[in-house]
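Inside the fold
This is what each chain is made of:
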Amino acid sequence: MSDSDCIFCKIVAGEIPCAKLYEDDSALAFLDIGPVAEGHALLIPKTHYVTLDEMPADAAADLLRSLPAVGGAVAEALGCEGFNVLQNNGAVAQQLVGHVHFHIIPRSVGDEFHFNWPAGAYEPGRMDEIAEAVRSRLA
Ligand code: 5GP
Ligand code: ZN
């Protein structure tokens, strides 16, 4: 349910304060303490899961039910034209806090938040190979 060493579980329990944006039975949204843009928010499950793939489908659905409204409200409150949703799983993916969280990052023209997006290309056959490897794990 919760992990006594987890900072986000402590926020859920009210042991650490947060600037709360939204709460329901399954989810909590609050402002990120180190914003990459004003209004940068986090949406988390109240139950402790380290990574997204650990979550039962129903728990993930419960968490994400509020994402459209929270994302829209954050962008509108900050007067932004759009927002990014980011979700890191594992240290290699830059996950620092080991409790599932979705970053909601309001975006404005000319802001300071940039992606390195090194779009590449597949060698012939490799795309089908990868798709089959994934499909076989979902079957
Ligand atoms: P990650 O790199 O794990 O995807 O992001 C973790 C995020 O949690 C960071 O953006 C960081 O600023 C935020 N964060 C870490 N500790 C706290 C905290 O105690 N309160 C709040 N509001 N945000 C936190
Ligand atoms: Zn936790």
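Here's a quick rundown of the structure. Since this is a predicted model, take the numbers as computed values, not measurements. (Residues numbered from 1 in each chain as written. Chains lettered and ligands numbered in written order. Predicted model: local features only at pLDDT ≥ 70, side-chain atom pairs only at ≥ 80, totals over all residues. Heavy atoms only, no water.)

Quick look at the site of ligand 1 now. Near ligand 1 there are 16 residues, and of these D32, Q94, L96, H101 and H103 occur at the shortest range. Within the backbone of L96, a nitrogen or oxygen atom sits 2.6 Å from an oxygen atom of ligand 1. Between ligand 1 and H101, the relevant distance is 2.7 Å, taken from an oxygen atom to a side-chain nitrogen or oxygen of the residue. In isolation ligand 1 offers 520 Å² of accessible surface; the protein chains occlude 83% of this area. With respect to the pocket detection grid, ligand 1 is positioned in the largest pocket. The greatest single-element share of the shell around ligand 1, amounting to three residues, is contributed by helix α1 (residues 7-12). Taken together, the residues of the shell around ligand 1 sort by class into nine nonpolar, six polar and one charged. (Near = heavy atom within 4 Å. Polar contact = N/O pair within 3.5 Å; in protein donor to acceptor, adjacent residues only side chain to side chain. Areas by Shrake-Rupley, 256 points an atom, 1.4 Å probe, with all protein chains shown as cover. 1 Å grid on protein atoms, 1.4 Å probe; cavity = no way out; pocket = protein on both sides within 12 Å on 5 of 7 lines; lining within 4 Å. Sits in = over half its atoms within 2 Å of the grid points. Helix = DSSP H or I, 4+ residues; strand = E, 2+ residues; numbered from the N terminus. Nonpolar A, V, L, I, M, F, W, Y, C, P; charged D, E, K, R; others polar.)

Let us now look at the coordination of the zinc ion (ligand 2). Note on the zinc ion (ligand 2): its protein donors are C6 (SG), C9 (SG), H48 (ND1) and H99 (ND1). The metal-donor distances range over 2.1 to 2.3 Å. If you list the donors of the zinc ion (ligand 2) from N- to C-terminus, the spacing comes out as C-x2-C-x38-H-x50-H. Residue H48 is located in the loop between β3 (41-45) and α2 (57-64), and its partner H99 is located in the loop between β4 (82-86) and β5 (102-107); the two are separated by 51 residues in the primary sequence. Overall, H48 belongs to the buried group, its relative accessible area being 18%. (Donors = N, O, S within 2.8 Å, 3.2 Å for Na, K, Ca; no water. Buried < 20%, exposed > 50% of the residue type's maximum accessible area, 1.4 Å probe, protein only.)

Tracing the chain through its elements places D3 in the segment before α1. Once residues lying within four places of it in the same chain are set aside, the contact partners of D3 are C9 and H48. Polar side-chain contacts of D3 include one of 2.7 Å to the backbone nitrogen of D5. (Contact = heavy atoms within 4.5 Å.)

What the five strands build is an open sheet, ordered β1-β2-β3-β5-β4; its pairing is antiparallel. Each edge of the open sheet is held by one strand with a lone partner, namely β1 (20-23) and β4. Direction aside, neighbouring strands of the sheet carry axes that sit 20° apart on average. Alignment of β3 against β5, held across three bridges, turns out to be antiparallel. By the bridge assignment for β5, L43 is matched with F102. Strands in contact with helix α3 (residues 67-77) are β1, β2 (27-31), β3, β4 and β5; relative to β5, the strand with the most contacts, it is inclined by about 30°. (Pairing = 2+ DSSP bridges. Axes fitted to C-alpha atoms, helices over the stretch in contact; angles between N-to-C directions.)

Further remarks concern the pattern of salt bridges. This structure, assessed with the given rule, holds six salt bridges. Residue E23 pairs with K46 through a salt bridge whose shortest N-O separation is 2.8 Å. Taken together, the residues span a long stretch of sequence, with E23 in strand β1 and K46 in the loop between β3 and α2 at a distance of 23 residues. Look at E23 and you get partly exposed, because its relative accessible area is 39%. Given a relative accessible area of 21%, K46 falls into the partly exposed group. Here the salt bridges do not stand alone but share partners, grouping K20, E23 and K46 into one network. (Salt bridge = Lys/Arg side-chain N within 4 Å of Asp/Glu carboxyl O.)

Scope: geometric values only; no functional claims are made or implied.
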